[in-house]
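Each chain, written out:
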Amino acid sequence: MSARLASLIALASSLALAADPASACGDKFLTPGRAPAPAAYIAERPASILILASSGSDAMERVGSATMRAELERAGHRVQVCEAVDECSAVARDGRIDIVLADLRSARDLSTKHRLASSPVVVPVAMHPGRADATNAGFDPAAVFDASRRPRALLRFIDEALDLRR
């Protein structure tokens with residue numbers, strides 16, 4: 001009987017040592033590589049966005065890319081692209097545009113020369129904008145979006161710009 005008891009104890013202890021430890025709720029998400037996928041960003045207020053794409057700057061190439069446009073649309077925004085300042089001005093005059101994304105020079109032109117009747121928010125965009133670059137273009141450095149940042153940063157920036165518009 002003692003031999004049988006000894007073999008049962010040996011079997012139970014070997015099974016206990018070989019088994020994976022039980023995970024509590026959420027513990028499995030703390031191990032590397034097992035985290036849940038980040039939730040998609042949904043815009044607080046979906047906006048109609050106009051992108052001035054042909055300024056020739058790296059910043060506008062990045063913001064006007066198909067990936068960035070898809071990210072904006074996935075968040076709930078409506079996106080249009082124009083190729084020239086005059087074309088953007090004409091599109092924005094109809095009053096259905098909430099935000100215009102343009103490089104520093106084009107944003108200054110849209111803000112000064114092409115006074116837009118519907119008053120969309122003109123968001124200047126630059127790659128690694130310096131304080132001097134923004135002030136020389138006539139913008140507050142905090143109002144210039146750094147295009148080298150991630151797409152989600154642009155989505156948050158747009159939400160903040162819409163808050164300021166109110």
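Here the structure is shown first, and the text comes after it.
Residues numbered from 1 in each chain as written. Predicted model: local features only at pLDDT ≥ 70, side-chain atom pairs only at ≥ 80, totals over all residues. Heavy atoms only, no water.

## Quick notes on the pairing of strand E1 (residues 48-52)
Then step 1. The buried fraction of E1 amounts to five of the five residues, a majority that puts the element mostly inside the structure.
Then step 2. Here E1 shows no split at all, with Ser48, Leu50 and Leu52 on one side and Ile49 and Ile51 on the other all buried.
Then step 3. Where E1 and strand E3 (residues 99-103) come together, three bridges link them in parallel fashion. Note that in E3 the partner of Ile49 across the bridge is Ile99. (Buried < 20%, exposed > 50% of the residue type's maximum accessible area, 1.4 Å probe, protein only. Helix = DSSP H or I, 4+ residues; strand = E, 2+ residues; numbered from the N terminus. Pairing = 2+ DSSP bridges.)

## A closer look at the nonpolar core
Then step 1. The biggest cluster of nonpolar side chains holds 25 residues, and the ones touching the most others in it are Ile49, Leu72, Ile99, Leu101, Val123, Val125 and Leu154.
Then step 2. Sorting the residues of this core by element identifies E1, helix H2 (58-63), helix H3 (66-74), E3, strand E4 (121-126) and helix H7 (151-165) as the ones contributing at least two each.
Then step 3. Sorting elements by how many residues they give to this core places H7 first, with seven residues.
Then step 4. If we skip the residues at most four places from it in the chain, Leu154 touches Val63, Met68, Leu72, Leu101 and Phe145. (Core = buried A, V, L, I, M, F, W, Y, C linked by side-chain atoms within 4.5 Å. Contact = heavy atoms within 4.5 Å.)

## Observations concerning unusual backbone geometry
Then step 1. Positive phi is not limited to glycine here, since His128 has a value of about 45°.
Then step 2. Checked against the element boundaries, His128 lands in the loop between E4 and helix H6 (131-136).
Then step 3. For His128, a relative accessible area of 58% gives the class exposed.

## A few points about the state of the cysteines
Then step 1. Counting across every chain of the model gives one disulfide.
Then step 2. Across the disulfide, Cys82 is cross-linked to Cys88 (sulfur-sulfur distance 1.5 Å). Across the pair, exposure class does not vary: Cys82 and Cys88 are buried alike. (Disulfide = S-S within 2.5 Å.)

Scope: geometric values only; no functional claims are made or implied.
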